Amino acid sequence: MARTLGRANTSVLNSSEDKELLDVISSVKTRIQDKLGTVNFQIPEFIIVGGQSTGKSRLIETLAGEQFNFICGSLGSRRPTRLEFRNDPKLADARWYVLEEGKFKAYSQAQVMEILKNSHESLGMSVSTEEVTVKLESPTCIDMQVVDLPGFRKFADTPDKQKLQSDIDRMNRGFMQNENCVMLCVEQAGDASTYSTLQVCREYDPNYRRSILVRSKFDKYYHDLSPSPGVDRWVKGEGDLPDSLVTFALSMPHWSDGEGIPQGITFVGMREQSNIADLEQVRALNIQAENLAKVGYENFSKFMSKKIKEMFASAVMPVIKQMSDLQSKLENDRSKLLEEKKSIDPAVLEESVKSVARTFGDTLGSVLEGDVGIVGGMTLEQELEGFSQFCQDFGITTVDVSPSPEIGQKEYVEYLTGEDDAGFKAIADAGYELFGGAQYKRLIAEVEIYIRFAELPKQIEAQDVVQARGVSMNSITWKDVVVKLLSHEAHINTKHRVQYVSERLGWFFREQKTYIMMSLERRATADRDGLASKCHTLLTGNAEIRQLVFDAYDGVVARQMKNFIQLYEKTIGSTFSNPWAFLKKQSLDVNEDRLRQMEKLPTFADSQQRIPQELRGRGALEMKLGQWCAEIPANEAKIDEAVEKVEQLVYTIFAFIRAQVSDQVELFVDSFFKVPMLRSLGDAMVKIGISAEGRKRYEERTEEIEAEVKILDGQIDELKECLNQLRDFASRNNMR
């Protein structure tokens, strides 16, 4: 009898199609993981979970039909072990393999056990999710693949072991929560209410849709069974197990500690003996037929064979779909990399950068003209808060957001945005969220008001006037004294105002980069093949090009700020050094008579008559100021009166200059900042070039792309071969 039990009768369990299905799925998973790493394909797999000493390892040996003494030292297993069993009735002896570098390498059973032992013990007191994969071809195993997880530990007496216990628990739960994993939960036959591992399974599988309970060491529970209906109630779990849970009770080969397999019988023979004993025991108790199917190894292996076939067959078409989608994604990634490689070719890139920069600079004009397709902007309050924060962040101490030492930024904003008792509002559109040209016009209005707040920095004292006159009362005129006082006192204050205007303009134009990008995005959406689309794609997709363009843009703004300050300060300086020339009244009065005279083209005689009138009118204010200067007494005895009149004249002239500078601020800003900046922006953008460091980076990136494309080529080829393999199998087996 022992010899007749040497091989299992597995013909009803394994067909050539079942074996091929397992081989195809296993091959695909191995090859894909080797080339692409971990990919979450919807390929089902069995995992064995259970506590230590529940019979987990012996169940694996029973399924394998081999007793192979899988020993991992006193600490047990510490990583997943993937086991692939393939039944081959033609083989005389079992063949063992270990997966190394994507291929199975043949070893003896002893060598495989040593490799497994070392792979676990090398971890010491730690765990690893990296699997070790072993393949067994044998005439006595069933066709299946399963992942053996380390056993849950109930007791740990040292901190190191407690940590190991926790790490194993965490790793096992990571597998159990995977919806593709079917859990073979191994519990020792007994009271179902004490099954701790099953409780963990229920946490991740509340309806037991992917849980199978294996109650091991059934023979130890024989004496606790009672005739039907007692035995039937126990098989069903005495009310502690739900009807939806698939359960099996079985005994497995075993022998006394320190002894091996008894003489005259094989491991498979003992497996069959255990199966026969289980069935005879429950039949003697008149177990019902439906519950008899849940007892013994033979019934369990039949169920597993059918379950494996169903699971893997149902996974083929979804996996084909997943792999097809992945292939499309990888091919798309490859195309993008090749496009990037082409775009960073130095010759192509140089021209692309210039084209992008030119388009970016031109788009500023569209933004200033008013791009109604953009949503966004800032209120005046937000604008001034942003500018103030910018000054703080970059340590700009030469400007003060408040125009007067008597008020703070908050009061200034309230003045600009509020109304006075008469209903006057300094800036009517202060509450609107604006950008571009509308924001620019509001900025001009704000800086004009800022300049109008300018006052002389200090009260002019008698000592200042006398000092400005010099030692001799007759050495210079009172006109010269006024110019000295204005040049010294008023010029300093106005210079700070110019600095404020420059910084406000610089901040404004730098902020417009955001709206330029938004304008390009809007135009790109409308015309995906247009220049704006290419520009937007390159700016958003290439950080280095974007930085080049932004830096060039900001550089133009910075240079224009510097030029603006120089030009504006020279203008203000010349104004205070010769206020009489600056304050000449305009030479043309506009009235109804003048308008009627302009209805026809003037003759030469008309022009001869007009010019003297204009010249006389231009000097009216200068003559008035001259009269005031003449009225200042030159007698030293009347120095107090002279000082008072000089003070009045200085304040009056300063007020005139302040008013005219404020009136002309838009002209100054347009002439000294906006217009020259727009002109120089176009020139600067076409001069952008890639630095030597940039070229080197692109060369390095090109090498990286070529390496990435090579990897993708390998992955795509592997996917194609695996897809062909799966599709061929599906076609031959009429899978849809």
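Here the residue numbering is sequential within each chain, running from 1 through the sequence in written order. Two thresholds apply to this predicted model, a pLDDT of at least 70 for residue-level local features and 80 or more for giving and counting side-chain atom pairs, whereas whole-chain, interface and lining totals are computed over all residues. The side-chain figures draw on all heavy atoms in the structure; neither hydrogens nor water molecules are used.

Description of the overall build of the chain
Secondary structure is summarised from DSSP: a helix means a run of H or I of at least four residues, a strand means a run of E of at least two, and numbering begins at the N terminus for each. A tally of regular secondary structure across the chain gives 24 helices and nine strands. Think of it in three bands: with a 1.4 Å probe and only protein chains considered, a residue is buried below 20% of the maximum accessible area for its type, exposed above 50%, and partly exposed in between. Residue burial in the chain is summarised as follows: out of 736 residues, 47% are buried.

Description of the environment of Ala293
With respect to the helices, strands and loops of the structure, Ala293 is situated in the loop between helix H8 (289–292) and helix H9 (297–343). For the pair Ala293 and Leu279, spaced 14 residues apart in sequence, the C-alpha separation works out to 9.3 Å. The contact partners of Ala293, leaving out residues within four places of it in the chain, are Phe248 and Asn299. Whether two residues are in contact is decided by their heavy atoms: any pair within 4.5 Å suffices.

A word on the environment of Glu718
Positionally, Glu718 belongs in helix H24 (residues 692–732). When the C-alpha positions of Glu718 and Gln327 are compared, they lie 9.6 Å apart, and in sequence the two are 391 residues distant.

Some thoughts on the nonpolar core
Within soluble globular proteins, side chains that are nonpolar tend to cluster in buried spots. Buried Ala, Val, Leu, Ile, Met, Phe, Trp, Tyr and Cys residues form a nonpolar core when they are joined through side-chain atoms within 4.5 Å. Of all hydrophobic cores here, the largest spans 157 residues; its most connected members are Phe46, Phe300, Phe360, Phe509, Val549, Tyr553 and Tyr568. Considering every element that reaches this core, the biggest residue donor is helix H15 (residues 478–526), with 18 residues. Beyond its immediate stretch of four places on either side in the chain, Tyr553 contacts Phe360, Leu364, Phe509, Arg510, Gln512, Lys513, Ile516, Met677, Leu681 and Met685. Counting residues in each nonpolar core, the second largest holds 20 residues, with Leu149, Phe175, Cys181 and Ala192 among its members.

A closer look at the packing of helix H17 (residues 543–577) against helix H22 (residues 639–663)
Here an angle of 0 to 180 degrees is reported between the N-to-C directions of two axes, which are lines fitted to C-alpha atoms, with helices fitted over the stretch in contact. Relative to each other, H17 and H22 sit at 150°, their axes nearing to 11 Å. Classified by the angle their axes make, H17 and H22 are roughly antiparallel. Viewed along their axes, H17 and H22 form a crossing whose handedness is right-handed. In contact with Tyr568, Ile572, Thr575 and Phe576 of H17, H22 contributes Phe654, Ile657 and Val661. Across the contact of H17 with H22, the residue classes break down as six nonpolar, one polar and no charged. Oblique is the label for any angle not covered by the other classes, which are roughly parallel (under 35 degrees), roughly antiparallel (over 145) and roughly perpendicular (65 to 115). Definitions for this section: a left-handed crossing has its near helix turned counterclockwise from the far helix by less than a right angle. A right-handed crossing has that turn clockwise. Lys, Arg, Asp and Glu make up the charged group, whereas Ala, Val, Leu, Ile, Met, Phe, Trp, Tyr, Cys and Pro make up the nonpolar group; the residues left over, Gly among them, are polar.

Here's the deal with the pairing of strand E8 (residues 211–216)
Buried residues dominate E8, accounting for six of its six residues. Here E8 shows two buried faces, one formed by Ser211, Leu213 and Arg215 and the other by Ile212, Val214 and Ser216. A pair of strands counts as paired when DSSP detects no fewer than two bridges linking them. Looking at chain direction, strand E7 (residues 181–188) and E8 are connected through six bridges and run parallel. Looking at E8, one finds that Leu184 is bridged to Ile212. The β-α-β motif built from E7, the intervening helix H5 (residues 196–204) and the parallel element E8 has right-handed crossover chirality. Note on handedness: a crossover is taken as right-handed if, strands pointing away from the viewer, the path from the first strand over the helix to the second is clockwise. Crossover handedness for the path E8 to helix H6 (residues 230–235) to strand E9 (residues 246–249): right-handed.

Some points on the pairing of strand E5 (residues 132–138)
With seven of seven residues buried, E5 lies mostly within the body of the structure. What you see with E5 is no split at all: Val132, Val134, Leu136 and Ser138 on one side and Thr133, Lys135 and Glu137 on the other are buried throughout. Pairing of strand E2 (residues 81–87) with E5, which is carried by seven bridges, proceeds in the parallel orientation. Of the residues in E5, the one forming a bridge with Glu84 is Lys135. Of the pairings in the sheet, the one linking strand E3 (residues 95–100) to E5 comprises four bridges and is antiparallel in character. The residue bridging Trp96 from the neighbouring strand is Leu136, located in E5.

Digging into unusual backbone geometry
Where the residue is not glycine, phi is negative for most of them; where a peptide bond is considered, it is trans in most cases. Residues Ser228 and Pro229 are joined by a peptide bond in cis, for which omega reads 15°. Relative to the helices and strands, Pro229 resides in the loop between E8 and H6. Positive phi, close to 55°, is recorded for Tyr208, a residue that is not glycine. The topology assignment puts Tyr208 in the loop between H5 and E8. The backbone of Lys217 shows a phi angle near 55°, a positive value even though the residue is not glycine. On the secondary structure map, Lys217 appears in the loop between E8 and H6. Using a relative accessible area of 23% as the deciding quantity, one classes Lys217 as partly exposed.

So, helix H2 (residues 56–64)
Of all nine residues making up H2, seven are buried, and the element is well covered by its neighbours. Among all positions of H2, only Lys56, Leu59, Ile60, Glu61, Thr62, Leu63 and Ala64 are buried. Positive phi shows up at Gly65, right after H2, with a value of about 70°.

Details of the sheet that holds E8
If you trace the nine strands from one edge of the open sheet to the other, you get E4-E3-E5-E2-E6-E1-E7-E8-E9, paired in mixed fashion. In the strand order of this sheet, the two ends are held by strand E4 (103–107) and E9, each with one partner. With strand direction ignored, the average angle separating the axes of adjacent strands in the sheet is 25°. Sitting on the sheet, H5 touches strand E1 (45–50), E7 and E8, and the angle it makes with E7 is about 160°.

A look at the packing of helix H10 (residues 346–370) against H17
Relative placement of two packed helices is described by the angle separating their axes and the distance separating the axes. H17 packs onto H10 with a crossing angle of 50° between their chain directions and a minimal axis gap of 10 Å. Classified by the angle between their axes, H10 and H17 sit oblique to one another. Considering only the axes of H10 and H17, their crossing is right-handed. Within the contact between the two elements, H10 uses Leu349, Val353, Val356, Ala357, Phe360 and Leu364 and H17 uses Ile545, Leu548, Val549, Phe550 and Tyr553. Residue composition of the contact of H10 with H17, grouped by class: 11 nonpolar, no polar and no charged.

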